[in-house]
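The lines below spell out each chain.
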Amino acid sequence: PDKVRECRKLRVACWAGLDHESRPVVFERLGQFFSSGNANKVEMDDWIVHYLYFLETHFKKMRESSKKMDGKVVCRIVYFADFQGVVSSILSRNIWKVVPLLKTLVSAVEQHYPELVDHIVLFNVPRIASAAFNVVKAFLHPTTSQKIELFAGVPLERMRELVPASVIPIEYGGTNSEIDYPQTETAK
C-alpha cells in the first residue's frame with residue numbers, strides 16, 4: 001500500500017542478514033529518525049499499518065531461515081539501533097513527538113507479538129539520552145527491558161558476539177557493504 005511505502009521512506013531501518021543462530025537481524029538509525037521530525041508526517045494509524053507490514057516481514061524472514069536450518073524453528077530476531085543524532089532530537093524537542101508513536105508501537109508488539117526480539121542493542125547512546133530512555137523504559141514490560149543493552153559508542157565486540165562481521169554494516173566496523181537503508185526523507 002502507498003502509506004506503507006511512504007512510512008518506509010520516513011524510517012531508516014533495514015534487514016542486514018542472519019545472526020549466528022540464523023535469526024534475522026535489523027539495523028536501524030533510530031537517532032536519525034528521532035531527529036528528522038518524520039514521526040508526525042503521517043497519521044498514527046498509518047505507522048501502525050506500516051509496522052504490521054514490517055513485522056510480517058520478520059515472520060517471513062524467520063520462516064525462510066527455518067527452512068535453511070532443516071526445520072529448526074527460528075522465532076526471534078536481533079535488533080540494533082544507532083542513536084547517533086538523538087541529542088539534536090532532544091534539543092529540538094522532536095523526541096517528545098516520537099514518544100507517543102513509540103509507546104503505541106511497543107505496546108502493540110508486546111501485546112500481540114511477545115518475545116519476538118531476542119536481543120536489543122542500542123548504541124551511540126549519549127548520556128543525555130539516558131533520561132529519554134528512562135521515559136521509554138517506563139512503558140516496557142520487564143522481560144523486554146532486560147533484553148536491552150545500551151552502549152555509549154559502537155560495541156563492535158558485542159556485535160560480533162551476536163552476528164557475523166558480514167552482517168555488521170561497514171560504517172560500524174563490519175564487512176557488510178550491501179546494507180540497504182532506505183533513502184529517507186525528512187519532514188519539512
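Residue indices follow the written sequence of each chain, beginning from 1 at its first position. Per-residue local features of the predicted model are confined to residues with pLDDT of at least 70, and side-chain atom pairs are confined, for both listing and counting, to 80 or more; whole-chain, interface and lining totals are unaffected and use all residues. Excluded from the side-chain calculation are hydrogens and water; included are all heavy atoms of the structure.

Okay, the overall build of the protein chain next. On a plain count of helices and strands, the protein chain comes out with eight helices and five strands. Ordering the α and β elements of the protein chain from the N terminus gives α-β-β-α-α-β-α-α-β-α-α-β-α. This radius of gyration counts C-alpha atoms alone. The globule rule is 2.2 Å times how many residues there are, raised to the power 0.38. Taken over the C-alpha trace, the protein chain has a radius of gyration of 16 Å; the compact-globule value for 188 residues is 16 Å, and the two agree within 12%. With the principal axes as the frame, the protein chain shows a C-alpha extent of 50 × 35 × 35 Å. Strands here are runs of E lasting at least two residues and helices are runs of H or I lasting at least four, both read from the DSSP assignment and numbered beginning at the N terminus.

This brings us to the layout of surface pockets. With a 1 Å grid laid over protein atoms only, a set of points is called a cavity when a 1.4 Å probe fits there but cannot get out and a pocket when it is open yet has protein on both sides within 12 Å along at least five of seven lines; lining residues have an atom within 4 Å of a point. Grid points are joined across faces, edges and corners, and a volume is the space filled by probe spheres set on the points. Here the largest pocket is characterised by a volume of approximately 830 Å³. Lining the largest pocket we find 41 residues, and of these Tyr-51, Tyr-79, Leu-102, Val-106 and Ile-120 sit closest to its centre. Where the lining of the largest pocket is concerned, the elements lending two or more residues are β2 (24–28), α2 (30–36), α3 (44–68), β3 (77–82), α5 (94–112), β4 (117–123), α6 (127–137) and α7 (142–146). Ranked by residues supplied to the lining of the largest pocket, first place goes to α5 with nine residues. Think of it as three bins: nonpolar holds Ala, Val, Leu, Ile, Met, Phe, Trp, Tyr, Cys and Pro, charged holds Asp, Glu, Lys and Arg, and polar takes everything else, Gly as well. Among the residues making up the lining of the largest pocket, the classes are represented as 32 nonpolar, four polar and five charged.

Glancing now at α5. Here, expected helix span is obtained from the residue count minus one, scaled by 1.5 Å. With 19 residues, α5 ought to run about 27 Å at 1.5 Å a step, and its terminal C-alpha atoms sit 28 Å apart, in line with that. A residue's bend is simply the angle between two axes: one fitted to the seven residues ending at it, one to the seven starting at it. The largest bend in α5 amounts to roughly 25° and is located at Pro-100.

On to unusual backbone geometry, then. Unlike most non-glycine residues, Ser-22 shows phi in positive territory, near 70°. Residue placement: Ser-22 occurs in the loop between β1 (13–18) and β2. Under the scheme applied here, a residue whose accessible area is under 20% of the maximum for its type counts as buried, over 50% as exposed, and between as partly exposed, the area being computed with a 1.4 Å probe on protein chains only. Under the relative-accessibility criterion, Ser-22 is labelled buried at 12%. Despite not being glycine, Asn-124 shows a phi value in the positive range, around 55°. Within the element layout of this structure, Asn-124 appears in the loop between β4 and α6.

Quick look at the environment of Val-49 now. Mapped onto the fold, Val-49 is located in helix α3. For the pair formed by Val-49 and Gly-17, sequence separation is 32 residues and the distance between their alpha carbons is 24 Å.

For the protein chain, the mean per-residue pLDDT works out to 86, and 95% of the residues sit at or above 70. The predictor's confidence in any single residue is recorded as pLDDT, a number from 0 to 100. Mean pLDDT across the secondary structure elements of the protein chain bottoms out at α6, with 74, and peaks at helix α8 (residues 156–162), with 97.

Those residues of helix α1 (residues 2–10) that fall on the buried side of the exposure criterion are Val-4, Cys-7 and Leu-10. Take α1 and look down its axis: the buried residues cluster within an arc of 120°, on one side only. Those residues of α1 that are exposed and angled more than 90 degrees off the buried face are Asp-2 and Arg-5. Packing partners of the buried residues in α1 comprise α2 and α3. The arc in question is traced by the directions running from the helix axis to the C-beta atoms. Two residues qualify as a contact provided that any one of their heavy atoms is within 4.5 Å of a heavy atom in the partner residue.

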